[in-house]
Amino acid sequence: MEGAHLVDVDVHEDALEDGEAEQEDGQQHRLPRKSTDEGEDDQEERGRRKDESEHPVGLDRGAAENVEADKEELHDDAEEEEDRQAVEEHSRLRHAGILPPMAVVTQREFGLFIDGETVEPASGEVRELTEPATGAPLAKAAMAGEADVDRAVEAARAALEGPWGKTPPNERSRLLHALADAIVANRKELTELETRNVGKAVSSVKGEVAVSAENFRWYASAIASIAGRTTPIGGSILAYTLKEPVGVAAQIVPWNYPIMMAAWKLAPALAAGCTVVLKPDPATPLTVLRVAELAAEVGIPAGVVNIVPGDGPTTGSYLVRHPGVDKVAFTGSTATGSEIMRLCAEPVKRLSLELGGKSPNLVFADANLADAVPSSVYAIYYAAGQSCDARSRVLVERPLYDEFVNSFSETAAKMKVGDPLDAETQMGSLISQAHRDKVHGLVETGRKEGAEIITGGEPTDGDGAFYPPTVLAGVENRMAVAQEEIFGPVVTVIPFEDEAEAVRIANDVKYGLTATVWTSDPARGHRLARQIKSGVIGINLPNTAFPGLPFGGYKQSGFGREGSLETIEMYLETKTVFVSTSGKPVNPWGL
């Protein structure tokens, strides 16, 4: 975007829109704290966590690889059917005006989470959050300022130099497993919080909550891999290395995957022994705050996890510049990542960035269309296009072009778009009406550039921030809609003549996050995996992220990797130790 400054991010670029536009009309009122009955319900739910189990779940940035499989892992059949019927009936009644929204978070005010407890913001600022799908009030959330960041960093430093710094690896592992158990035990509450706060379909959110638990569990096991090594160098010198935590980590996560991005950031940092001050987007802080409460409940010491929602240009900038912060990890737009790099340059802070994308989806004439078409629809629309790895540029070999465009458009038109809490919904709303207007503005830009709108392309009526699945055909890669990250349910379909042109078009963009290739030729798939400049390549598979596999980008999509052993290394320092084993005095100059 033009004129972007630190965390002053335009959402169509990527995931760190700080919600200033969405919050302009927010009223700073307060609601009563959570009722006694609600607390008892949560306690009963948490008490069941020891009886829960789950297995690794493959996700495309949080959307379940197989939603039905996730349900089988996390729910028994009877409970799942009961939940489905209840959600469907609730959805029907609330849209008919008979029932208000579910009451998981209404009548509650969320504070900051600092030094192991919920606290009031120093400024007293509290904002009203609304449901993107309905425009209805949702909850109240405190906003952090500089004084709150100071408190959080101080608490993180004290924990690092105190109880957390003395916690051995096996105990850190146990605590991360316990937090994973707590997320599973509270999955219903977390799923509804996320669904209503973000507006995406509950079927996707269930997978994101599941993979959040799996991420903590994976890093709990990966702690065993943290070790130095002994290096023989000859003579009477013993040399070995130590792995130590970098220190206090500042982490900034976006609004499109609040709980999953928090898990991606928190888990490796805690596994490495760091302490954290995490800033969620001010529009979507609810699940992150709840996870911090669960972390305290399972025994993670006070000060290890601190949560400070706030605006990017103020709270985010101050957190990044804070002298008590040793490492910064950011997921969001390329424009904001560039500004964060400048802020980290003078103090030479450790930095990792996971930024924007305009990812290609290459479909060759020999592809199996029965797989390629529905998977390509999924790869752009699964989070309403609000994902930096959304395959928003579909490149199609020319002999197949017309057939593919027709089939893709027909499939997209069959998607169920609507109430995020409806179990049958496949695509929910966008994050806000302001963002919907930005998405539509880029669609209009494409129309003026000569793109043909095959389906969609017009905002829907009503209070919700819905935008239909939109297909733009006849697109040339030089057009703005093929180069700019729209961050909405809009796909551009671009023809290519041969493999060489397909690679050229795929790489002809400033981003390099993910890519997908559809072909029946295994050799071609492997050739293109080497030639396409992206951090993740899928061959005949739409998914891009699994616990334990590196996720990150080339070029302006950032540097560093998430979700893997490489991530832990970003939170570790390596120290070399030399020890003399000689029985003689060491006197190099013979003095």
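The present account deals with the structure reproduced in this document.

What counts and what doesn't
Residue positions within a chain follow its written sequence, with the count starting from 1. Per-residue local features are limited, in this predicted model, to residues with pLDDT of at least 70; the limit for side-chain atom pairs, both in listing and counting, is 80 or more; totals at the level of whole chains, interfaces and linings are taken over all residues. With hydrogens and water set aside, each side-chain value is computed from the structure's full complement of heavy atoms. Two strands form a pair only when DSSP identifies at least two bridges running between them. Here a strand is any run of E in DSSP of at least two residues, a helix any run of H or I of at least four, and the numbering for each starts at the N terminus. For helices, the fitted line uses only the C-alpha atoms of the stretch in contact; every axis is such a line through C-alpha atoms, and the angle between N-to-C directions lies from 0 to 180 degrees. In what follows, residue pairs with any heavy atoms lying within 4.5 Å of each other are defined as contacts. Residues enter a patch when their relative accessible area is above 30% and they make no salt bridge; the linking distance is 9 Å between like charges and 5 Å between nonpolar side chains (Val, Leu, Ile, Met, Phe, Trp, Tyr). Exposure was quantified through the Shrake-Rupley algorithm and a 1.4 Å probe, taking into account, for residues, occlusion by the shown protein chains and nothing else. By definition, a salt bridge exists where a carboxyl oxygen of Asp or Glu is found within 4 Å of a side-chain nitrogen of Lys or Arg. We call a residue buried when its accessible area falls under 20% of the maximum for its residue type, exposed when it is over 50%, and partly exposed in between, using a 1.4 Å probe and counting protein chains only. Only rings of Phe, Tyr and Trp enter the pairing, Trp through its six-membered ring, and a pair is recorded when the two centres are within 6.5 Å. The plane angle decides the type: under 30 degrees is stacked, over 60 is edge-to-face, the rest tilted. Ring-over charges, as used throughout, are those where CZ of Arg or NZ of Lys falls within 6 Å of the ring centre and within 35 degrees of the ring normal. What makes a nonpolar core is a set of buried Ala, Val, Leu, Ile, Met, Phe, Trp, Tyr and Cys residues whose side-chain atoms join them at distances within 4.5 Å. Contacts described as polar in this section are N or O atom pairs within 3.5 Å, which, within protein, must combine one atom able to donate a hydrogen with one able to accept it, while residues neighboring in sequence count only if both atoms come from side chains. An expected span of 1.5 Å times one less than the residue number is assigned to each helix. Note that the arc is computed from the directions linking the helix axis to the C-beta atoms. Should the near helix be turned anticlockwise from the far one by less than a right angle, the crossing is termed left-handed; should it be turned clockwise, right-handed. Charged residues are taken to be Asp, Glu, Lys and Arg, nonpolar residues to be Ala, Val, Leu, Ile, Met, Phe, Trp, Tyr, Cys and Pro, and polar residues to be all remaining types, Gly included.

Regarding the sheet that holds strand S16 (residues 452-455)
- The strand order S16-S17-S18-S15-S14-S20-S21 describes an open sheet built from 7 strands, whose pairing is mixed. The two strands at the open ends of the sheet, each matched to only one other strand, are S16 and strand S21 (536-539). Neighbouring strand axes in the sheet, compared pairwise and without regard to direction, differ in orientation by 25 degrees on average.
- Strand direction decides the pairing type here: strand S14 (residues 360-363) and strand S20 (residues 514-518), joined by 3 bridges, are parallel. Bridging across to S20, Leu362 finds its partner in Val517.
- In this fold helix H14 (residues 401-413) packs onto S14, strand S15 (393-397), S16, strand S17 (470-473) and strand S18 (490-496), with an angle of close to 165 degrees to the strand it touches most, S18.

Quick look at a nonpolar patch on the surface
- Together, Ile233, Ile237 and Phe578 make up a nonpolar patch on the protein surface, roughly 310 Å² of accessible area in all.
- You can see Ile233 is positioned in the loop between helix H8 (202-222) and strand S8 (237-245).
- Exposure remark for Ile233: the relative accessible area of 46% places this residue in the partly exposed category.

Quick notes on the packing of aromatic side chains
- Applying the stated criterion across every chain yields a total of 7 aromatic pairs.
- With a centroid separation of 6.1 Å and 50 degrees between ring planes, the pair formed by Tyr381 and Phe408 is classed as tilted. Residue Tyr381 is found in helix H13 (residues 369-381), and its partner Phe408 is found in helix H14; the two are separated by 27 residues along the sequence.
- Three or more aromatic residues link up through ring pairs in this structure, and these residues are Tyr381, Phe404 and Phe408.
- Sitting above the plane of the Tyr257 ring, Lys200 keeps its charged end 3.6 Å from the centroid.
- Above the plane of the ring of Tyr571 lies Lys327, whose end atom (NZ or CZ) is 5.0 Å from the centre.

Observations regarding the pairing of strand S7 (residues 137-142)
- With 5 of 6 residues buried, S7 lies mostly within the body of the structure.
- Sheet topology places strand S3 (residues 109-110) next to S7; 2 bridges connect them, and they run parallel. Bridge pairing links Phe110 to Ala141 in S7.
- Where strand S6 (residues 126-130) meets S7, 5 bridges bridge the pair, whose relative direction is antiparallel. Pairing of Thr130 across the sheet is with Pro137, part of S7.

Points about the sheet that holds S6
- Read across the sheet, 3 strands follow the order S3-S7-S6 without closing on themselves; strand pairing throughout is mixed. Of all the strands in the sheet, just S3 and S6 have a single pairing partner and so form its edges.

Looking at the environment of Lys414
- Mapped onto the secondary structure, Lys414 falls in the loop between H14 and helix H15 (433-449).
- For the pair formed by Lys414 and Pro469, sequence separation is 55 residues and the distance between their alpha carbons is 9.8 Å.

A closer look at the nonpolar core
- Phe216 and Ile300 are the most contacted members of the largest nonpolar core, which totals 71 residues.
- For this core, the element with the highest residue contribution is helix H9 (residues 258-272), accounting for 12 residues.
- Discounting chain neighbours no more than four positions away, the residues touching Phe216 are Leu176, Leu179, Ala180, Ile183, Ala263, Leu266 and Ala267.
- Counting 52 residues, the second largest nonpolar core, distinct from the first, contains Val373, Val471, Val475 and Met479.

Notes on unusual backbone geometry
- Despite not being glycine, Val348 has its phi angle at roughly 55 degrees, a positive value.
- Within the secondary structure layout, Val348 lies in the loop between helix H12 (334-345) and strand S13 (350-354).
- The phi dihedral of Lys555 falls on the positive side, at around 50 degrees, and the residue is not glycine.
- With respect to the helices, strands and loops of the structure, Lys555 is situated in strand S22 (residues 554-555).

A short note on the environment of Ser203
- Relative to the assigned elements, Ser203 resides in helix H8.
- Relative accessible area serves as the criterion here: at 13%, Ser203 is assigned to the buried category.
- Between the alpha carbons of Ser203 and Gly428 there is a distance of 9.9 Å; along the sequence they are 225 residues apart.
- A distance of 3.2 Å separates a polar side-chain atom of Ser203 from the backbone oxygen of Thr425.

So, the pattern of salt bridges
- Going through the model one piece at a time under the given rule, you end up with 28 salt bridges.
- Between Arg108 and Glu293 there is a salt bridge, with its nearest N and O atoms 2.7 Å apart. One end of the pair, Arg108, is in the loop between helix H4 (77-95) and S3; the other, Glu293, is in helix H10 (residues 286-297), with 185 residues separating them in the sequence.
- The exposure class of Arg108 is buried, given its relative accessible area of 10%.
- With its nearest N and O atoms 3.1 Å apart, the salt bridge here joins Glu131 to Arg196. Here Arg196 lies in helix H7 (residues 187-198) and Glu131 lies in the loop between S6 and S7, a separation of 65 residues in the sequence.

Quick word on H15
- Between its first and last C-alpha atoms H15 spans 24 Å; for 17 residues at 1.5 Å apiece the expected length is 24 Å, and the two agree.
- Of the residues making up H15, those classed as buried are His435, Arg436, Val439, His440, Leu442, Val443 and Gly446. Angular distribution of buried residues about the axis of H15 spans 155 degrees; they occupy a single face of the element.
- Buried residues belonging to H15 abut S16, S17, helix H16 (480-483) and S18.
- Looking one or two residues beyond H15, the residue adopting positive phi is Gly450, at roughly 115 degrees.

Quick notes on the packing of helix H5 (residues 146-161) against helix H11 (residues 312-321)
- The interhelical angle for the contact between H5 and H11, taken along N-to-C directions, is 35 degrees, at an axis separation of 9 Å. Every pair of crossing elements has a handedness; the one defined by H5 and H11 is right-handed. For the pair H5 and H11, the contacting residues are Glu146, Val149, Asp150 and Val153 in the first and Thr315, Tyr318 and Leu319 in the second.
- Of the residues contributing to the contact of H5 with H11, the split by class is 4 nonpolar, 1 polar and 2 charged.

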